[in-house]
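As a plain string of letters, each chain reads:
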Amino acid sequence: MLRVAVVGSGPSGCYTAQSLVQQDPGVHVHVLDRLPCPYGLVRYGVAPDHEKIKSLQNNLRTVLEHERVRFLGGVRVGADGVPVARLRELYHAVVYCVGAATDRRLGIPGEDLRGCWSATEFVSWYSAHPDAVADGFLAGARTAVVIGVGNVAVDVTRMLARGATELTPTDMPQAALDSLAAGTVTRVHMVGRRGPSQARFTTKELRELSTLPDSRVTVDPAELELDPGYVDPSSLPAPQRRNVEVLRGWATAPAPAGRHGIRLRFFLRPVEILSDGDRVRGVRLERTEPDGHGGVSGTGRYEVIEAQLVLRSVGYRGVPVDGLPFDPVHGTVPHAAGRVLRDGVPSPGEYVAGWIKRGPTGVIGTNRPCAKETASSLLEDAPELAARSLPDDPVALLRAAGPDPVEWSGWQSIERAEAALGASLGRGVVKIPDWESLLTAARGGGAVP
Ligand code: NAP
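Everything numeric here is computed off the predicted structure, so don't read it as measured data.

1. Details of the overall build of the chain
For the chain, the count of helices and strands is 18 helices and 18 strands. A compact globule built from 449 residues would reach a C-alpha radius of gyration of about 22 Å, and the chain, at 23 Å, matches this within 12%. With the C-alpha coordinates of the chain rotated into their principal frame, the extents come out at 70 × 55 × 40 Å. Counting only residues that meet the buried cut, the chain has 53% of its 449 residues in that class. Pairs at least 24 apart in sequence give 73% of the contacts found in the chain among residues at least 6 apart. Of the accessible surface of the chain, which amounts to about 18,700 Å², a share of 52% is contributed by carbon and sulfur atoms. Across the chain, the mean location of the 50 positive side-chain charges is 3 Å away from that of the 51 negative side-chain charges.

2. Side note on the nonpolar core
Judged by nonpolar contacts, the single largest core of 47 residues is most densely connected at F122, Y126, L160 and L264. Among the elements that line this core, the one with the most residues is helix α7 (residues 151-161), at six residues. Not counting residues within four places of it along the chain, the set of residues in contact with L264 comprises M190, L206, L209, V217, T218, V219, E223, L247 and W250. Listed in part, the 46 residues of the second largest apolar core include C97, A382, V430 and A442.

3. A few points about the packing of helix α17 (residues 408-424) against helix α18 (residues 435-442)
Closest axis-to-axis distance for the α17/α18 pair is 7 Å, and the angle between their directions is 115 degrees. Judged by the inter-axis angle, α17 sits roughly perpendicular to α18. Handedness of the α17/α18 crossing: right-handed. On α18, the residues that touch G410, S413, I414, A417 and E418 of α17 are L438, A441 and A442. Residue composition of the contact of α17 with α18, grouped by class: five nonpolar, two polar and one charged.

Thresholds, definitions, all that
Residues numbered from 1 in each chain as written. Predicted model: local features only at pLDDT ≥ 70, side-chain atom pairs only at ≥ 80, totals over all residues. Heavy atoms only, no water. Helix = DSSP H or I, 4+ residues; strand = E, 2+ residues; numbered from the N terminus. Rg over C-alpha atoms; globule rule 2.2 N^0.38 Å. Buried < 20%, exposed > 50% of the residue type's maximum accessible area, 1.4 Å probe, protein only. Contact = heavy atoms within 4.5 Å. Areas by Shrake-Rupley, 256 points an atom, 1.4 Å probe, with all protein chains shown as cover. Lys, Arg positive; Asp, Glu negative; His and termini not counted. Charge placed at Lys NZ, Arg CZ, Asp CG, Glu CD. Core = buried A, V, L, I, M, F, W, Y, C linked by side-chain atoms within 4.5 Å. Axes fitted to C-alpha atoms, helices over the stretch in contact; angles between N-to-C directions. Parallel < 35°, antiparallel > 145°, perpendicular 65-115°, else oblique. Left-handed = near helix turned anticlockwise from the far one by under 90°. Nonpolar A, V, L, I, M, F, W, Y, C, P; charged D, E, K, R; others polar.

This is the structure we're talking about:
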């Protein structure tokens, strides 16, 4: 018997647990999460209107309901939680699948002004993350600038342009729904510092922008043509070529009128978030040009986009787990095929998978092979790992050390409470957005906001 703790119940944690129990009938896995709810970014990152991707929860559920897998929510590991060294004592092996918990910063003046948020904060708010900052993102905002041209930028742009009819059937919390459905933000500028052929969004996500009811997507053909890859896409990889084709279509065919204007801009890098008192009033951007090596250089020409809301969507970033080594440059844990490296040497019984292993890139499915590699490394090491005798009941010892884990039945109580909340609002399932109500619901209490 090999007893493994997987820390994190998002896609990488669930796929790691799945790979372990599938590959070895002697493995038992406890999947720990600091939140009382499982599924990580599938619950708290995938946009609420992307129902098909969200339905991946059903696959992850079958993993967490496996007879040799046990979910333990509400268990924090590291600082203010179960120490990494203690976890090692309770399990033969520990796999850290903690993702990339924060956002990258721009490093320009004005980033901390009221009205300038990271996309992660905005996403957490409409996804009902219990650590989300208070409401008020859209207060007084009519125009938004989204900095970055990745899939998260597309997600937040789309959510700003969606109307009540499309948002009501989602599971987003009622306060976010009311705020977004009011539709006060009518113009969104999505801005890339490089060219259209270098944008990080995927074509399916890009194309979806032009399908939004009552919205109008525009681009500036002259700006697109600054990019040699746009002018002659023949040598681009297929995904970039497809993006260019979509943008070319928008550049040549006039978009139908719509209340929400979405404008895609390129070759503009932010240099300052401008203020009006302590609030955002716009973004100052420098025109860039291709440097011939895939990057851009500044031209010394500037423009200002007036806006009352700025969302920085420039990528996620891993945060260190207290007690684990960390590479601050890449925001990852150093590893070899998933084995954690301490001073360059594999540390027995410690592994990583997912974004904390390889950085915040790739789609959910990318986590499958990543998790499999880690699980295979762990199982290769199993004979040495299993030689160590362990205390009998790690959950009792965890409980004695402080956390009272939310077990699967507790999560199922939360699911029932969210269904009841939705029914009381005349909607489908509606997510509970705060710690207290989640924990009350987990204990079987019905009191929800
Ligand atoms: P991302 O794909 O890495 O895109 C980050 C964007 O920010 C890029 O356009 C990047 O430009 C820009 N950027 C970075 N630093 C900047 C700076 N200092 N100034 C201006 N722009 C800057 O990150 P993401 O959008 O957060 O997505 C993370 C991962 O999740 C991706 O793999 C994504 O595909 C995935 N995801 C997928 C979906 C989906 O499948 N529907 C939805 C959401 C997220 P440069 O290229 O010039 O660096």
